[in-house]
Amino acid sequence: MSAARCLRSEDQFRCSICLDVFTDPVTTPCGHNFCKNCINQHWNSNDQYLCPLCKKVFYTKPELRINTLLSEVVSQFRQEAQQKASSSSSGQQAAKPGGVPCDVCTGTKLKALKSCLVCLTSYCETHLEPHLTKSGLKRHQLMDPVENLEDRMCMKHDKPLELFCKTDQTCVCTLCSVLDHKTHKFVPLKEEYEGKKAELGKTEAEIQEMIQKRRLKIQEIKHSVDLSKEAADRQTAEGVQVFTALMESVERSLNELIEKIEEKQRTTEKQAEDFIKELEQEISELKKRSSEVEKLSHSEDHLHLLQNFLSLKAAPLTKDWTEVSVNPPSYEGTVARAVAQLEETLSKQMKKLFEVELRRVQQFAVDVTLDPDTANPNLILSADGKQVYDSDVKKNLPDNPERFSYCPCVSGKQSLCSGRLYFEVQVKEKTDWNLGVARESINRMGQITVTPQKGYWTIGLRNGNEYKAGNNRPVRLSLKSRPQKVGVFVDYEEGLVSFYDVDAAALIYSFTGCSFTEKLYPFLSPDPNQDGKNSAPLIICPVNQTV
């Protein structure tokens, strides 16, 4: 009965992770108990802070403290178990795998109770007795059982490693301290142990903090993916809606075109049917007259022929069909007019789409100001850094590797190395200009070529009427209206630079599939003054999101 009760008690004090009696028992918020080291190792090796028993998930690592009441009960249990084991040698436990066995036992190795640093031997309770009773052995240094006792002895002096040399950061014996390390600073192993343990605790806390930050980063990335999916779903739905409307417009226009052509054909066929019916009616009347004439011509009755001759001789009441004809309807321009009407409808829908798109990109507006340290000496910048024009007069400015030495250009102060950027520039009343973005490492000395290959993504106006995109092969732009204000949008990760006619809410041009690897800066060139013909400034405008 007593043995069974003892067994049940031991089961109650076993950690469900290591299956041994609790060591430093702690209690989780869900009420379950574990060895402190066991639960920490369990959490450190998993992605979630999960209770091994009830599977409850903790989103942050719980702060665990020793359960003092349970710890005292476990301590009492251990003492009672040791007392029961000492009352009978048969009560001693056999050494478990990973435990320290008695070095003296033959056959079944019992669990060691102590290790002797002098004998370099571990002893079970029975074989430890001489060290507790004999005067010569009582002086030996005993410690809790450990394996590899040889590693705890000084290889040179065959003495226990009891001191820590702070100078050489190594464990030494007492002889080492007076012989090989006599000028060094020493502390007891326990003192250094406590210090290093505190450092390990700090290191563990730092590692746990790093783990937590990375878990938060994982959550952040997953959240970004979720947001991206939501945006993709919205964009897909919007695309389906727009293209469905476009297809319906095309189908409706096609149906209207076919109906118009068929209506013309029906009108032609009706006219022809009416003419044919009238002609057939006249033919019937003429046949009747012909029969009467033929009959009269064979009459031998002189009086009858003469009396009816005039009425049959008179011309029948028929229509003059000489000028009558059925002309096929003209279909010239029918398809072209239908396409033109469809194009007008699509243009209206496209304008609405670009208005929505422009409002979206305007959300990424940045307050851009011009950097005077980059401005060509011919340029005049306003005090607030929002306007620039060419003066045709070169100022004497200090040398600056960031300054455009030859071309009338200037960069913005703000840069972009990730995310999105948008700004607007007024180009009103100018005959020549160039604007966009440029990478940080562009060549600013001498003549420059504004192409993506050289690090520039720009559009511009030349000679008052030639709009071009500065591609590797310049693209001539055909614009329906003359832009007064140009919006510039950059999506760094997407590799996209787009230009908008702000007032018309129309897309001017886009550079797509760009590969950005360094900072991008706003780039403006008001171009030469041309004796006042191009004296109007380029003006960076505040973004008004009311389009």
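It should be noted that the structure appears before, not after, this text.
Along each chain, numbering runs from 1 in the same order as the chain's sequence is written. In view of the model being predicted, local features appear only for residues whose pLDDT reaches at least 70, and side-chain atom pairs are presented and counted only at 80 or more, with totals across whole chains, interfaces and linings using the full set of residues. Think of the side-chain values as coming from all heavy atoms in the structure, minus any hydrogens and water.

## Overview of unusual backbone geometry
Of all residues except glycine, most have a negative phi; of all peptide bonds, most are trans. Although it is not a glycine, Asp392 adopts a positive phi angle of roughly 65°. Residue placement: Asp392 occurs in the loop between strand S12 (387–390) and strand S13 (410–411). Positive phi, normally seen in glycine, also occurs at Glu429, with a value near 70°. Working definition: helices are DSSP H or I runs of at least four residues, strands are E runs of at least two. Numbering for both runs from the N terminus. Here Glu429 shows up in the loop between strand S14 (420–426) and strand S15 (433–439). With relative accessibility at 65%, the residue Glu429 sits in the exposed group. Note on classification: 1.4 Å probe, protein chains only; a residue is buried when its accessible area is under 20% of the maximum for its type, exposed when over 50%, partly exposed between these limits.

## Quick word on the side chain of Glu192
Topologically, Glu192 is positioned in helix H7 (residues 189–297). On the basis of relative accessibility, which here comes to 8%, the residue Glu192 falls in the buried class. Contacts are residue-level and defined by heavy atoms, with any inter-residue pair within 4.5 Å sufficient. Apart from residues lying up to four places away in sequence, Glu192 is in contact with Phe164, Lys166 and Val187.

## Digging into a nonpolar patch on the surface
Here a patch means residues that are over 30% exposed by relative accessible area and free of salt bridges, tied together within 9 Å if like-charged and within 5 Å if nonpolar (Val, Leu, Ile, Met, Phe, Trp, Tyr). Areas reported as accessible are Shrake-Rupley estimates using a 1.4 Å probe. Residue values count occlusion only from the protein chains shown. Only one rule defines a salt bridge in this text: a Lys or Arg side-chain nitrogen within 4 Å of an Asp or Glu carboxyl oxygen. Side chains of Leu175, Val178 and Leu179 sit close together on the surface and give an oily, nonpolar patch of about 250 Å² of accessible area. Inspection of the secondary structure puts Leu175 in helix H6 (residues 174–178).

## Re the nonpolar core
Put simply, buried Ala, Val, Leu, Ile, Met, Phe, Trp, Tyr and Cys residues joined by side-chain atoms within 4.5 Å make one nonpolar core. Counting 35 residues, the largest nonpolar core has Trp433, Leu435, Ile459, Phe499 and Leu524 as the members making the most contacts within it. Residue contacts for Ile459: discarding those within four places in its chain leaves Trp433, Asn434, Leu435, Lys468, Ala469, Leu477, Val486, Phe499, Ile508 and Tyr509. Counting 17 residues, the second-largest nonpolar core is a separate cluster that includes Cys38, Trp43, Tyr49 and Cys51.

## A word on the sheet that holds strand S19 (residues 485–491)
Here we have seven strands laid out as an open sheet, ordered S11-S12-S23-S14-S19-S20-S21, and antiparallel in their pairing. Looking at the sheet topology across the chains shown, the edges are occupied by strand S11 (379–381) and strand S21 (506–511). For this sheet, the mean angle separating the axes of adjacent strands, direction not counted, is 20°. The pairing of strand S20 (residues 496–501) with S21 spans five bridges and is classified as antiparallel. Following the sheet pairing, Val497 is matched in S21 by Phe511. Each axis is a line fitted through C-alpha atoms, and for a helix only the stretch in contact is used; angles between axes span 0 to 180 degrees, taken between their N-to-C directions. This element, helix H9 (residues 334–362), spans S14, S19, S20 and S21 of the sheet and lies at about 110° to S14. Strands are treated as partners if at least two bridges between them are detected by DSSP.

## Side note on the packing of H7 against H9
At a minimum axis distance of 10 Å, the contact between H7 and H9 shows a crossing angle of 165°. It follows that H7 is roughly antiparallel to H9 by the angle criterion. Seen from above, H7 lies across H9 with right-handed handedness. Along the contact surface, H7 presents Gln235, Glu238, Val242, Ala245, Leu246, Ser249, Val250, Ser253, Leu257, Lys260, Ile261 and Lys264, while H9 presents Thr334, Val335, Ala338, Leu342, Thr345, Leu346, Gln349, Leu353 and Arg360. Gly is put with the polar residues, along with every residue not named as nonpolar or charged; the nonpolar set is Ala, Val, Leu, Ile, Met, Phe, Trp, Tyr, Cys and Pro, and the charged set is Asp, Glu, Lys and Arg. Looking at the contact of H7 with H9 residue by residue, the class counts come to 11 nonpolar, six polar and four charged. Orientation labels follow simple angle bins: below 35 degrees gives roughly parallel, above 145 gives roughly antiparallel, 65 to 115 gives roughly perpendicular, and whatever is left gives oblique. It is the rotation of the near helix from the far one that decides the hand of a crossing: anticlockwise by less than a right angle makes it left-handed, clockwise makes it right-handed.

## Remarks on the packing of H7 against helix H8 (residues 302–313)
Taken N-terminus to C-terminus, the directions of H7 and H8 make an angle of 155°; their axes are 10 Å apart at the nearest point. Relative to H8, H7 is oriented roughly antiparallel. Crossing geometry of H7 relative to H8 is assigned as left-handed. On the side of H7, the interface is formed by Arg289, Glu292, Val293 and Leu296, while H8 contributes His304, Leu305, Asn308, Phe309, Ser311 and Leu312. In terms of residue class, the contact of H7 with H8 is made up of five nonpolar, three polar and two charged.

## Looking at the sheet that holds strand S7 (residues 142–143)
Taken together, three strands build an open sheet; the order of strands is S6-S5-S7 and the sheet is antiparallel. A strand with exactly one partner marks an edge of an open sheet, and here the two such strands are strand S6 (121–123) and S7. In terms of strand pairing, strand S5 (residues 114–116) meets S6 through three bridges, oriented antiparallel. Across the sheet, the residue bridging to Ser115 is Ser122, located in S6.

## Observations concerning the pairing of S15
The buried fraction of S15 amounts to six of the seven residues, a majority that puts the element mostly inside the structure. The sheet contact formed by S15 and strand S16 (residues 456–462) spans six bridges and is antiparallel. Its bridge partner being in S16, Ala438 is matched across the sheet by Tyr456. Two elements, S15 and strand S22 (residues 520–525), share six bridges in a ladder whose sense is antiparallel.

## Some points on the packing of aromatic side chains
A pair of Phe, Tyr and Trp rings is counted when the ring centres sit within 6.5 Å of each other, with Trp represented by its six-membered ring. The angle between the planes then sorts it: under 30 degrees is stacked, over 60 is edge-to-face, the rest tilted. Applying the stated criterion across every chain yields a total of 12 aromatic pairs. With a centroid separation of 5.9 Å and an interplanar angle of 75°, the aromatic rings of Trp43 and Tyr49 are classed as edge-to-face. Classification of Trp43 as buried rests on a relative accessible area of 0%. Aromatic ring contacts, followed pair by pair, group Trp43, Tyr49 and Phe58 into a single cluster. We call a charge positioned over a ring when the NZ of a Lys or the CZ of an Arg lies within 6 Å of the ring centre and within 35 degrees of the ring normal. Over the ring of Tyr49 we find Arg215; its NZ or CZ atom is 4.3 Å from the centre of that ring. When the ring centre of Trp321 is taken as origin, the NZ or CZ atom of Lys319, which lies over that ring, is 4.7 Å away.

Everything listed here is a matter of geometry and, on its own, says nothing about what the molecule does.
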